[in-house]
Amino acid sequence: MALYVQKFGGTSVGSVDRIKAVAEKVKGFRDQGHQVVVVVSAMSGETNRLTDMANALNEDPAPREMDMLLSTGEQVTISLLAMALQQIGVSATSHTGAQVGIHTDSAYTKARIQRIETDDLKADLDAGKVVVVAGFQGVDENGNITTLGRGGSDTTGVALAAALGADECQIYTDVDGVYTTDPRVCSKAQRLESITVEEMLELASLGSKVLQIRAVEFAGKYNVPLRVLSSFEDGPGTLIVADSDQDEDSMEEPLISGIAFTKNEAKLTLLHTPDVPGVASRILGPIADANIEVDMIVQNVAPAGDYTDFTFTVAKGDYKATKKLLEETVIPDLGGGELRGDDNIAKVSLVGVGMRSHAGVASKMFRVLADENVNIRMVSTSEIKISVVIDEKHMELAVNALHKAFGLDKSDIESE
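Everything numeric in this text was worked out from a predicted model, so none of it was measured.

A. Structural context of the overall build of the chain. Helices and strands together make up the secondary structure of the chain, namely 13 helices and 20 strands. A globule of 416 residues ought to have a C-alpha radius of gyration of about 22 Å, and the chain, at 24 Å, matches this closely. Considered along the principal axes of its C-alpha atoms, the chain spans approximately 75 × 60 × 35 Å. Buried residues in the chain amount to 49% of all 416 residues. Contacts in the chain between residues far apart in sequence, at least 24 positions, make up 74% of those at least 6 positions apart. With the model as given, the accessible surface of the chain reaches about 19600 Å², and the carbon-plus-sulfur share is 47%. Charged side chains in the chain number 38 positive and 62 negative. The centres of these two groups are separated by 4 Å.

This is the structure we're talking about:
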């Protein structure tokens, strides 16, 4: 007998019929003698509907009241799923985040879990019940309902699995696993049997939307085996494991595990910037004070006492605000300079732990892009990642060319 924590997202519980299908899937595990905790999101579209109503009443609703409002979406789902399970002969009970003992800090709309009480939950499991828990929410030390931020149900699932010592946390979505890249962009993308936590963190941070980053961090920190599965079809999914869980006798890790990409970035360049100590802080300090996150940074090398160019990227949604801040605050502070911007860029990234033991990945990537006449604007590297900024219009071409060049195409895999 094993203990599984299963999380179902909004699409998986988006209608009464889909809730019935989830109940049948859970029953299958229960009939095999396993203990099951189910974490659910609000029904698809419900969070947006509630948010729209709040904004129609108040342009700037209080975060505490937003958490009170949005938490009701999951409460509807847990009660409906418990009813569906009971209807097919499965003993089940539903719990809100507060009832199950998920304690958080008081950062409304983006709270972080501090501890989880498991005594009542374990008692229900030992009594043979399936426990249905509302994802995305908890309670602070003053008894106020809090939410964990968009996608927080994944975090709830992994946190419960860690607290209970579950054998596996299963994340059911509308895709059947983690792919080498987005199949909508590259038709030859293949599902990965397994991937490391480290690689999944990189992919998630670089644009892959299969899992919330905080959930992957939790899984890595507490060594929780995490599996991504489809709610709508059977299959093994993708297992996300720590490096230490890899088979030491297996062949060497593949060079590249996946290709991530995003169009949600913009590039800004300050030309003719004084090349003196502290200039980077004078440029980026006001941007950080405005809560704008900077991603890639490149500063050209200049002769001593001369001027340099300073380039960085931000989220496309922050482009106009950053441009205005540079024009009105930073450039006057620096005593001048020319600003250039481009919000028609894309970032394409190669991710793989195999890079640690293989040289030449970057040169191969650059050669492949050059052969496709794709110009590289910026480059950023880490131990298991190489990212390049290119023109947005070349993104799909670049992804498909790199996918084939690094042996990730289905036909290449199947012929090995």
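B. Local environment of the packing of aromatic side chains. All told, the structure shown has 4 aromatic pairs when counted by the stated rule. On the basis of an interplanar angle of 10° and a centroid distance of 4.6 Å, the ring pair of Phe8 and Tyr172 is categorised as stacked. One end of the pair, Phe8, is in strand E1 (residues 3-8); the other, Tyr172, is in strand E9 (residues 168-173), with 164 residues separating them in the sequence. Across this residue pair, the class does not change: Phe8 and Tyr172 are buried. Look at Phe218 and Tyr222: their rings are 5.4 Å apart centre to centre, the planes differ by 25°, and that puts the pair in the stacked class. Tyr222 gets classed as partly exposed once you look at its relative accessible area, which sits at 43%. The ring centre of Phe406 lies 4.6 Å from the NZ or CZ of Lys364, which sits over that ring.

C. Inspection of the side chain of Ser349 at higher detail. Here Ser349 shows up in strand E18 (residues 345-351). The buried category is assigned to Ser349, whose relative accessible area is 0%. Apart from the residues within four sequence positions on either side, Ser349 is in contact with Leu206, Gly258, Ile259, Ala260, Lys385, Ile386 and Ser387.

D. Quick peek at the pattern of salt bridges. A full pass over the atoms with the stated rule returns 19 salt bridges. For Arg377, the salt bridge is made with Asp342, and the minimal N-O distance between the two is 3.4 Å. Taken together, the residues Arg377 in the loop between helix H11 (361-371) and strand E19 (378-382) and Asp342 in strand E17 (residues 338-342) connect sequence positions 35 residues apart. Classification of Arg377 as partly exposed rests on a relative accessible area of 34%.

E. Focus on the packing of helix H9 (residues 279-289) against helix H10 (residues 319-334). Following both chains from N to C, one finds H9 and H10 inclined at 145°, their axes separated by 10 Å at the closest point. The handedness of the crossing between H9 and H10 comes out as right-handed. Each of Val279, Arg282, Ile283, Pro286 and Ile287 in H9 lies in contact with H10, whose residues at this interface are Thr322, Leu325, Leu326, Val330, Asp333 and Leu334. For the contact of H9 with H10, the class distribution of residues is 8 nonpolar, 1 polar and 2 charged.

F. Spotlight on the sheet that holds E17. Pairing within the open sheet is antiparallel, and its 4 strands lie in the order E15-E16-E14-E17. Taken across any chain shown, the strands that pair with only one partner, and hence form the sheet edges, are strand E15 (294-299) and E17. Pairs of neighbouring strands in the sheet enclose a mean axial angle of 15°, with direction left out of account. In the sheet, strand E14 (residues 265-274) pairs with E17 via 5 bridges, with the strands oriented antiparallel. Across the sheet, the residue bridging to Leu271 is Glu338, located in E17.

G. Representation of unusual backbone geometry. Located in the positive-phi region is Asn223, a residue other than glycine, with phi close to 55°. Secondary-structure assignment places Asn223 in the loop between helix H8 (213-221) and strand E11 (226-230). Overall, Asn223 belongs to the partly exposed group, its relative accessible area being 43%. One non-glycine residue, His272, lies in the positive phi region at around 60°. With respect to the helices, strands and loops of the structure, His272 is situated in strand E14.

H. Quick peek at helix H1 (residues 16-31). Its 16 residues give H1 an end-to-end C-alpha distance of 22 Å, which sits within 8% of 22 Å, the value for a rise of 1.5 Å per residue. Within H1, burial applies to Ile19, Val22, Ala23, Lys25, Val26 and Phe29. Across the axial projection of H1, the buried residues extend over an arc of 165°, all falling on one side. Turned more than 90 degrees away from the buried face of H1, the exposed residues are Val16, Asp17 and Asp31. Each element contacted by the buried residues of H1 is listed here: E1, strand E2 (35-40), helix H3 (63-87), strand E6 (130-134), E9 and E11. Gly33, located one to two residues past H1, shows a positive phi value of around 95°.

Procedures and definitions
Residues numbered from 1 in each chain as written. Predicted model: local features only at pLDDT ≥ 70, side-chain atom pairs only at ≥ 80, totals over all residues. Heavy atoms only, no water. Helix = DSSP H or I, 4+ residues; strand = E, 2+ residues; numbered from the N terminus. Rg over C-alpha atoms; globule rule 2.2 N^0.38 Å. Buried < 20%, exposed > 50% of the residue type's maximum accessible area, 1.4 Å probe, protein only. Contact = heavy atoms within 4.5 Å. Areas by Shrake-Rupley, 256 points an atom, 1.4 Å probe, with all protein chains shown as cover. Lys, Arg positive; Asp, Glu negative; His and termini not counted. Charge placed at Lys NZ, Arg CZ, Asp CG, Glu CD. Phe/Tyr/Trp six-rings, centres within 6.5 Å; stacked < 30°, edge-to-face > 60°. Lys NZ or Arg CZ within 6 Å of the ring centre and 35° of its normal. Salt bridge = Lys/Arg side-chain N within 4 Å of Asp/Glu carboxyl O. Axes fitted to C-alpha atoms, helices over the stretch in contact; angles between N-to-C directions. Left-handed = near helix turned anticlockwise from the far one by under 90°. Nonpolar A, V, L, I, M, F, W, Y, C, P; charged D, E, K, R; others polar. Pairing = 2+ DSSP bridges. Expected span 1.5 Å × (residues − 1). Arc of directions from axis to C-beta.

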